[in-house]
Amino acid sequence: MDTIFAQATAAGRAGVSVVRLSGPDAANVACQIVGSLPKAQTSGVRSLRNRASEVIDRALVLNFAAPHSFTGEDVVEFHLHGSVAVVQATLARLSEFPNTRLAEAGEFTRRALENEKLDLAQVEGLADLIESETEAQRKQALRVFSGHLGDLVEGWRADLIRAAALLEATIDFADEDVPIDVTPEVSALLDGVAAQIGAEAEGSKIAERIKTGFEVAIIGAPNAGKSTLLNALAKREAAITSDIAGTTRDIVEVRMDLDGLPVTFLDTAGLRESDDKIEVIGVARAIERAETADLRVFLKKPDERLLIAPGEDDIVVHPKADVYPNAIHAVSGKTGQGVEELVQEISQRLKLLSNGAGIATHERHRVAMVKTLEGLLLVKEILVRGANHYDIAAEELRSAVRALESVVGRIGVENLLDEIFLSFCIGK
């Protein structure tokens, strides 16, 4: 395998820039540049020299001997002064060796996967951690990157392997001193795993929302103050406002960090019947997005009827508190009255919703778990037919285990790898 190198920190001037070198010749190449390496798993200050023995920089050099490194290979890191010229000179020096090349996007992490330092779920967690913008996203990604999902899958897999072993022992040793009716123990194992996988699959929907962001739709009649409220929430002029009803025709989106949660507020067209074809399209889009939003805020007077009615889980506030000073639970984006209270209520609702989040964060995880559940239900149906069908049940159980193993990338995910690693930057 080639020895690869790349800048592991962002391009441009910085206080410190890191260049990473990984592969079978990493230590040998590094020695030719710095003279001698620090002992394995330690660091030391060294002078980096070019081919003419001129000093490129004085840098902190870290030496990680295989397999005790991120990639599982010999890894050397150069922590350089963050000059563009220094980094470029170092990369140029590394490229002069015949057995080294510039790393591809995500190649360091891919080698960590191939060397079993990470499973595929951890790789996805690392990608999410790099992309995280809010505290909730960071915490969730870190749980996956730390291997919690892999631990869950391994526990479920062990129970399913135990169940399969019971069935196969009954098949292979029917004439030996082996319990004939293993159905109760197998069923108990299947029920326990199915209940946990079902809960995690359901929680993955919320977990994915934390990763991608919750949507909160602001709903109301034309000229109800929706755009003014959105601007007050965003603390900028995100939407055009006017006294003319129907100003907003399309969806205006503003993404915010709300108490650590990623939230996109949607300013929608005013809900009313209209002969204006463009406005009709805007109203249809407003209704469509409102139906799929995680939370809806209705700006609505008590006696007002809209094209869609608020549900039990929706927030309903009286619009234009500046115009209706005696209204109960009123809000005004113009004066700010009630806005802070509304933000707190939205935050509490979304935090309560996020409490049901699982560890699995990707649709791929959920699909694999649902497929596993379907397999376990089929096994249960076969078991009730009796011991003569244990061989079929055992085969279906093995199929369910294979579906589960795809969560952490043991099988059946080769076609996903290129797509996943392309989301990484070079140097990671």
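The structure reproduced in this document is the subject of the present report.

Rules used throughout
Residues numbered from 1 in each chain as written. Predicted model: local features only at pLDDT ≥ 70, side-chain atom pairs only at ≥ 80, totals over all residues. Heavy atoms only, no water. Helix = DSSP H or I, 4+ residues; strand = E, 2+ residues; numbered from the N terminus. Rg over C-alpha atoms; globule rule 2.2 N^0.38 Å. Buried < 20%, exposed > 50% of the residue type's maximum accessible area, 1.4 Å probe, protein only. Contact = heavy atoms within 4.5 Å. Areas by Shrake-Rupley, 256 points an atom, 1.4 Å probe, with all protein chains shown as cover. Axes fitted to C-alpha atoms, helices over the stretch in contact; angles between N-to-C directions. Parallel < 35°, antiparallel > 145°, perpendicular 65-115°, else oblique. Left-handed = near helix turned anticlockwise from the far one by under 90°. Nonpolar A, V, L, I, M, F, W, Y, C, P; charged D, E, K, R; others polar. Salt bridge = Lys/Arg side-chain N within 4 Å of Asp/Glu carboxyl O. Pairing = 2+ DSSP bridges. Core = buried A, V, L, I, M, F, W, Y, C linked by side-chain atoms within 4.5 Å.

1. Some words on the overall build of the protein chain
Reasoning step 1: Broken down by element type, the protein chain carries 13 helices and 11 strands.
Reasoning step 2: Here the C-alpha atoms of the protein chain give a radius of gyration of 29 Å, more than 25% beyond the 22 Å that 2.2 N^0.38 yields for 428 residues.
Reasoning step 3: Overall, the protein chain is about 80 × 80 × 35 Å in size when its C-alpha atoms are taken along their principal axes.
Reasoning step 4: For the protein chain, with 428 residues in total, the buried portion stands at 47%.
Reasoning step 5: For the protein chain, restricting intrachain contacts to residue pairs at least 6 apart in sequence, the fraction spanning at least 24 positions comes to 62%.
Reasoning step 6: Accessible surface computed for the protein chain: about 21100 Å², of which carbon and sulfur atoms make up 51%.

2. Description of the packing of helix 7 (residues 183-212) against helix 11 (residues 363-383)
How two helices pack is summed up by the angle between their axes together with the distance between the axes.
Reasoning step 1: Relative orientation of the contacting elements helix 7 and helix 11 amounts to 155°, with a least axis distance of 9 Å. In terms of orientation, helix 7 lies roughly antiparallel with respect to helix 11. Crossing angle aside, the handedness with which helix 7 passes helix 11 is left-handed.
Reasoning step 2: For the contact of helix 7 with helix 11, the class distribution of residues is 11 nonpolar, 5 polar and 7 charged.

3. Some words on the pattern of salt bridges
Charged atoms that come close allow side chains of opposite charge to pair.
Reasoning step 1: All chains considered together, the criterion is met by 26 salt bridges.
Reasoning step 2: Linking glutamate 168 and arginine 398 is a salt bridge whose minimum nitrogen-to-oxygen distance equals 2.0 Å. One end of the pair, glutamate 168, is in helix 6 (residues 148-172); the other, arginine 398, is in helix 12 (residues 390-405), and 230 residues separate them in sequence.
Reasoning step 3: Owing to a relative accessible area of 27%, glutamate 168 belongs among the partly exposed residues under this scheme.
Reasoning step 4: In this structure, the salt-bridge partner of aspartate 191 is lysine 380, at a minimum N-O distance of 3.1 Å. Of this pair, aspartate 191 sits in helix 7 while lysine 380 is found in helix 11, placing the two residues 189 residues apart along the sequence.
Reasoning step 5: For aspartate 191, a relative accessible area of 40% puts it in the partly exposed group.
Reasoning step 6: The structure contains a network of salt bridges with shared partners spanning Asp2, Glu73, Arg101, Glu107 and Arg111.

4. A few points about the sheet that holds strand 1 (residues 3-7)
Reasoning step 1: Strands sit in the order 3-4-5-2-1-6 across an open sheet of 6 strands; the sheet is mixed. This sheet does not close on itself; its edge strands, each paired only once, are strand 3 (42-49) and strand 6 (100-102). Across this sheet, the average inter-strand angle for adjacent strands is 25°, counted without regard to direction.
Reasoning step 2: Where strand 1 and strand 2 (residues 16-22) come together, 4 bridges link them in antiparallel fashion. Bridging from a neighbouring strand, alanine 6 pairs with arginine 20 of strand 2.

5. Brief notes about the nonpolar core
Reasoning step 1: In terms of nonpolar packing, the biggest core is built from 35 residues, with Leu160, Leu167, Val186, Leu190, Leu383 and Leu397 touching the most fellow members.
Reasoning step 2: Among the elements of the structure, helix 6, helix 7, helix 11 and helix 12 are those that each provide at least two residues to this core.
Reasoning step 3: Here this core gets 8 residues from one element, more than from any other, and that element is helix 6.
Reasoning step 4: The residues contacting leucine 167, other than those within four sequence positions of it, are Val182, Val186, Leu383, Tyr390, Ala393, Ala394 and Leu397.
Reasoning step 5: If you look at the next biggest cluster of nonpolar residues, it comprises 30 residues, including Phe214, Leu233, Leu299 and Val339.

6. Side note on unusual backbone geometry
Reasoning step 1: Note that the residue after alanine 66, namely proline 67, is joined by a cis bond; omega there is 0°.
Reasoning step 2: Its location among the elements puts proline 67 in the loop between strand 4 (55-64) and strand 5 (75-81).
Reasoning step 3: Not every positive phi belongs to a glycine, and serine 53 is a case in point at roughly 70°.
Reasoning step 4: For serine 53, the location among the structural elements is in the loop between strand 3 and strand 4.
Reasoning step 5: In this structure serine 53 comes out as partly exposed when scored by relative accessible area, which is 47%.
Reasoning step 6: One non-glycine residue, histidine 329, lies in the positive phi region at around 55°.

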